[in-house]
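Secondary and tertiary structure notes
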Amino acid sequence: MLPVEVATKDIAAIYVRFAQLIDDHHWTKRARDIRQEIRDNRFLDEYLTDEHSIVLALSECTELSRRYGQLPHSATLNKDLYPALALAAQLSSVVDGAPTNRRGPLIGRIQGAMRNSDHMRGLRLELQAATHFVKAGHKVSWPDVETGQGGADLVLPDFGPLGLQIECKAISADKGRKVHRREALTFNHLLSVELNNCLRTLNTGLVAVLTVPDRLPSAYKDRKELAVRVKQQILAGVSRDFPDGAQIRIDDFDIRQLRRDERDRPAVGRDDVDRLTSTKNRDALLKGNSVGAVLFVVQSARDDSVVPSIFSTLRQASASQCDPSIPTLFVVGLDGVTSDELNEIAEHDSINAAPPTALRRGLSDFLNSTNRGHVIGVSFLGRSGLVPSEGHVTVGSGRVYHFPKTDSRLWHESHAGLFGS
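What comes next is a walk through the structure. (Residues numbered from 1 in each chain as written. Predicted model: local features only at pLDDT ≥ 70, side-chain atom pairs only at ≥ 80, totals over all residues. Heavy atoms only, no water.)

**Comments concerning the nonpolar core**
Definition in use: Note on terminology: a nonpolar core comprises buried Ala, Val, Leu, Ile, Met, Phe, Trp, Tyr and Cys residues joined through side-chain atoms within 4.5 Å. Buried residues are those whose accessible area, probed at 1.4 Å on protein chains only, stays under 20% of the maximum for their type, while exposed residues exceed 50% and partly exposed ones sit between those limits. Secondary structure elements follow DSSP: runs of H or I of four or more residues count as helices, runs of E of two or more count as strands, with numbering from the N terminus. Note on contacts: a residue pair qualifies if any of its non-hydrogen atoms lie within 4.5 Å across the two residues.
Residues Phe-18, Trp-27, Ile-110, Trp-142 and Ile-166 are the most contacted members of the largest nonpolar core, which totals 63 residues. The element contributing the most residues to this core is helix α6 (residues 82-97), with nine residues. Setting aside anything within four residues of it in sequence, one finds Ile-166 in contact with Phe-133, Ala-152, Asp-153, Leu-154, Leu-156, Leu-329 and Val-331. The next biggest cluster of nonpolar side chains, apart from the first, holds 26 residues, and it includes Phe-187, Leu-195, Phe-242 and Ile-250.

In structure tokens, the structure reads:
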């Protein structure tokens, strides 16, 4: 049975067992590489720390264990380590419960997830979905783990007269975006280096918005050359269309509109960036002095296709990974959407007079297709987190935006209330 609770007194043993099964080399080496990347480019710190939080937490456990001979009591009270240790407990249980001839491939998948954040996202989403249904009293099996024959990610054989298969799709924050976050942060670092020592005499506020025809150049030398061109236009203070199709827009703004940090330097929040640059949710670079600053963002001339990309993924999975004779639930983890943001989307869609969100429209098209009569619902999950509960208990919590398809040919009354009322 998949464990859904972990006691702090068992944490040290959980870590030891997981390290024996998987070999701590697979996360300690990756963690060293991540820390080196951060040293080389401080702009990547927050992004890489979040993207590889499990690896970094396990690496911290390894360092503490080697220093003290075992995980010290203080580590068992460090809630930053809980997601990784809960994952370790569940994965160890799945490995121990797998047929002997299937343990090797499963361990290989876990080791691979330590190197690939997309694979880790998928693994965590499967366990999140499994945890929900185990807590609801259902038996959950992994077809690939048990037989190696593929198919849906999870099967609940006791759910309704035909069982229920669950296909999990973890969607990264970069899905469908033309300029990925890492690419933008890397370019911002290049531009920041170019601008060092160039803005000491700046006494006004400048907004610089770079629009590339499609995506940022892939070659380092081309990105470096583009950063130099952007710097030249910032210093000149004028907009320009480049021969390769890129455009740089330069505007003035009143630096007094910005708040100041503890060192009396200009600082911006998300709303400030969106308002001043006339862009939406872009990573920004702010450089300047006490009287002048440059606020820079990069975007693509082509629209992002986040929602279409999500449903393209679901259509492919529905056609190739699911048994059409078994009721199917899609569980979609939206890594770039917080639980509160997902709740706002659901609240907007609940207002009759409001136009449906792009998510709602895409879902209607997906569910209404005659090729997906076996799909009984789609559930979207925002990013979950830990919240305190009664006593000394900490629980994982998140929100689900669930769309049942009650007219599915395989719909059964047991499918109502999969995630509450």
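Here the narrative resumes, following the displayed structure.
**A closer look at the side chain of Glu-126**
Structurally, the position occupied by Glu-126 is in helix α8 (residues 117-135). Those residues in contact with Glu-126, other than ones at most four positions away along the chain, are Arg-109, Trp-142, Asp-153, Leu-154 and Cys-168.

**What about the sheet that holds strand β3 (residues 205-212)?**
Rules: Following DSSP output, two strands are said to pair if at least two bridges run between them. Helix axes are fitted to C-alpha atoms over the stretch in contact, other axes to C-alpha atoms as well, and angles between N-to-C directions run from 0 to 180 degrees.
The mixed open sheet is built from five strands, whose spatial order is β4-β5-β3-β9-β8. The open sheet terminates on both sides in strands that have one partner only, identified here as β4 (240-241) and β8 (284-288). In this sheet, strand β5 (residues 247-253) lies alongside β4 in antiparallel orientation, the contact comprising two bridges. Along β5, the bridge assignment pairs Asp-241 with Gln-247. This element, helix α12 (residues 270-277), spans β3, β5, β8 and β9 (293-300) of the sheet and lies at about 80° to β9.

**Notes on unusual backbone geometry**
Non-glycine residue Asp-23 carries a positive phi angle of around 80°. Phi is positive for Asn-281, which is not a glycine, with a value near 60°. The topology assignment puts Asn-281 in the loop between α12 and β8. According to the relative accessible area criterion, Asn-281 is partly exposed, its value standing at 46%.

**Section: the pattern of salt bridges**
This is how the line gets drawn: Salt bridges are defined as contacts in which a side-chain nitrogen from Lys or Arg sits within 4 Å of a carboxyl oxygen from Asp or Glu.
Tallied over the entire structure, the rule returns 30 salt bridges. The shortest N-O distance in the salt bridge between Asp-24 and Arg-66 comes to 3.4 Å. Residue Asp-24 is found in the loop between α1 (11-22) and α2 (25-40), and its partner Arg-66 is found in helix α4 (residues 53-68); the two are separated by 42 residues along the sequence. The exposed category is assigned to Arg-66, whose relative accessible area is 58%. Of the charged contacts in the structure, one is a salt bridge between Arg-215 and Glu-183, with a shortest N-O distance of 3.1 Å. With Arg-215 in the loop between β3 and α11 (220-236) and Glu-183 in helix α10 (residues 181-195), this residue pair connects regions lying 32 residues apart in the sequence. One network of salt bridges, in which partners are shared, links Asp-50, Glu-51, Asp-118, Arg-121, Asp-335 and Arg-383.

**Description of the sheet that holds strand β14 (residues 400-404)**
With respect to topology, five strands assemble into an open sheet ordered β1-β2-β10-β11-β14, the strand pairing being mixed. Each having just a single partner strand, β1 (154-156) and β14 make up the two edges of the open sheet. When the angles between neighbouring strand axes are averaged without regard to direction, this sheet yields 20°. Pairing of strand β2 (residues 164-171) with strand β10 (residues 328-338) involves seven bridges; the strand directions are parallel. For Glu-167, the partnering residue across the bridge sits in β10 and is Phe-330.

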